[in-house]
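The residues making up each chain are set out below.
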Amino acid sequence: MPGFGGLEAPNEDGTRHSKDGSRDSRDHLPSLMASCYPITLKFMDVCYKVKVQGTNTQGISIKRVLNHGSTPSDQEKTILNNITGMVSPGEMLAILGPSGSGKSTLLNALAGRLQHGHGNLSGSLLANNRKPTKQIAKRTGFVTQDDVLYPHLTVRETLVFCSLLRLPNTLSTKDKISVAETVLSELGLSKCENTIIGNSFIRGISGGERKRVSIAHEMLINPSLLILDEPTSGLDSTAAHRLVSILGSLTQKGKTIVTSMHQPSSRVYQLFDSVLVLSEGRSLYFGKGSEAMGYFEATGFSPSFPMNPADFLLDLANGVCKLDGVSERERPNVKQTLIASYNTLLAPKVKAACMETTPVPAKDSHFVGSHCSEEGRCSNRFDLHLVLSV
Ligand SMILES: Nc1ncnc2c1ncn2[C@@H]1O[C@H](COP(=O)(O)OP(=O)(O)O)[C@@H](O)[C@H]1O
Ligand SMILES: [Mg+2]
């Protein structure tokens, strides 16, 4: 499997040191896991429309009854409406928005997982300024919202089993097991490696550990682009922070991370490099996480007291904001105002940033050290300086 970039891409110094500073006994493998092929992902004017009602004959009679005898006609539903953004290697992009705002649909579109024929997907999606190839798909990991794991296997068995199945045959069995062990310790799962996964009937690992096993499952192939759908849902804020910190440490290895998040705490919010706020399939904001509050303040929306930016953004995406300095309730024109502001103030800048062609790694080249600073932190190419220019 050529997509296992680590195999062909040694780290800059070709070594890795364990936490206590000693050289890791599995010298060659950790360096494989630490290296990656940088992927810059750009998505421009992404629209997704589906036909609802009357598209198939299944359940048509029920629909006839519900529609008083008439056959329901096809209606087009727009789930994503002109979504634009980008994320570079070494960055974590968080997609925020209320339930039903289109987060999962966008993530599936970015991962090339939207079924063809079911809906109509338009717009452009570029990986390193080119149409995503099979190689890019092989370097992409996708962590779904619902964990799909065998409840009776232990954490270690799960990862070793998966490693044996997913890694290329160019690696020996011993090496595959070593890869599983490396990922296991990287994701802080050593403590529970011999505990079974479990489910709602069989007691097993905790929710946070289960989420980390799902991420570890994808990390086995050493993806350059990792897409996660609400990885922190159901976790307490400490476990969520720990998990997002792990994702942050992965970006420091040059990985590109896109994650949707339901309700991040302020500590978690600070870990995001860029943020995309969605409301009913439309963008309200795209830019640096640290500049979001300034942007909304400049457009006339600010919280009445210091609060978690993520809570405030979620309120706005739901159309809730302060009214007359007294009450907070849903106001019908909040979303429209914010969408209009985005379209006039931000959208042209976001598109211009996406159109800018950034240098891409040569075809079939591997991890390009020059993308990263000495600490391994990749350069943040996306720098809109939103607040200053609003
Ligand atoms: N294939 C589909 N057909 C009809 N409606 C869909 C389809 N996929 C998603 N939707 C609708 O699109 C909206 C966005 O869904 P989703 O992306 O799952 O939102 P989120 O992940 O933000 O909760 C929801 O209202 C959902 O019901
Ligand atoms: Mg979802």
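Residues numbered from 1 in each chain as written. Chains lettered and ligands numbered in written order. Predicted model: local features only at pLDDT ≥ 70, side-chain atom pairs only at ≥ 80, totals over all residues.

1. Regarding the pairing of strand S7 (residues 256–261)
Across the 6 residues of S7, 6 count as buried, placing the element largely inside the fold. Judged by which residues are buried, S7 turns out to be covered on both faces: Thr256, Val258 and Ser260 on one side and Ile257, Thr259 and Met261 on the other are all buried. Two strands pair when backbone bridges link them, and strand S3 (residues 92–96) and S7 are joined in this way by 5 bridges, in the parallel orientation. Paired with Ile95 across the two strands is Ser260, which belongs to S7. Sheet topology note: the strand S6 (residues 225–228)/S7 ladder contains 4 bridges and is parallel. Among the inter-strand pairings, Ile227 is bridged to a residue of S7, identified as Val258. Read from S6 through helix H9 (residues 237–251) to S7, the crossover connection turns out right-handed. (Buried ≥ 20, exposed ≤ 12 C-beta atoms within 10 Å, placed from the backbone. Helix = DSSP H or I, 4+ residues; strand = E, 2+ residues; numbered from the N terminus. Pairing = 2+ DSSP bridges. Right-handed = clockwise from strand over helix to strand, strands pointing away.)

2. Thoughts on the environment of Ser265
For Ser265, the location among the structural elements is in the loop between S7 and helix H10 (266–269). We classify Ser265 as partly exposed; it has 17 C-beta atoms within 10 Å. With 44 residues separating them in the primary sequence, Ser265 and Pro309 have C-alpha atoms 8.6 Å apart.

3. Considerations on the site of ligand 1
Around ligand 1, the structure places 14 residues, and the nearest of them are Val50, Gly100, Lys103, Ser104 and Thr105. If you list the elements that add at least two residues to the shell around ligand 1, you get strand S1 (41–52), strand S2 (75–87) and helix H4 (103–110). For the shell around ligand 1, the element with the most residues is H4, which contributes 3 residues. Of the residues belonging to the shell around ligand 1, the class tally is 3 nonpolar, 9 polar and 2 charged. (Near = placed C-beta within 6 Å. Nonpolar A, V, L, I, M, F, W, Y, C, P; charged D, E, K, R; others polar.)

4. Side note on the sheet that holds S1
Taken in spatial order, the 3 strands line up as S2-S1-S4 in an open sheet, and their pairing is antiparallel. Two strands close off the open sheet at either side, each with one partner strand: S2 and strand S4 (119–127). Across the sheet, the axes of successive neighbouring strands diverge by a mean angle of 10 degrees, strand direction being ignored. In this sheet, S4 lies alongside S1 in antiparallel orientation, the contact comprising 8 bridges. Residue Tyr48 lies in a different strand from S4, and its bridge partner there is Leu121. The strands that H4 touches are S1, S2 and S4; relative to S1, the one it contacts most, it runs at about 120 degrees. Docked against the sheet, helix H13 (residues 333–355) engages S1 and S2, running at close to 60 degrees with respect to S2. (Axes fitted to C-alpha atoms, helices over the stretch in contact; angles between N-to-C directions. Contact = placed C-beta atoms within 7 Å.)

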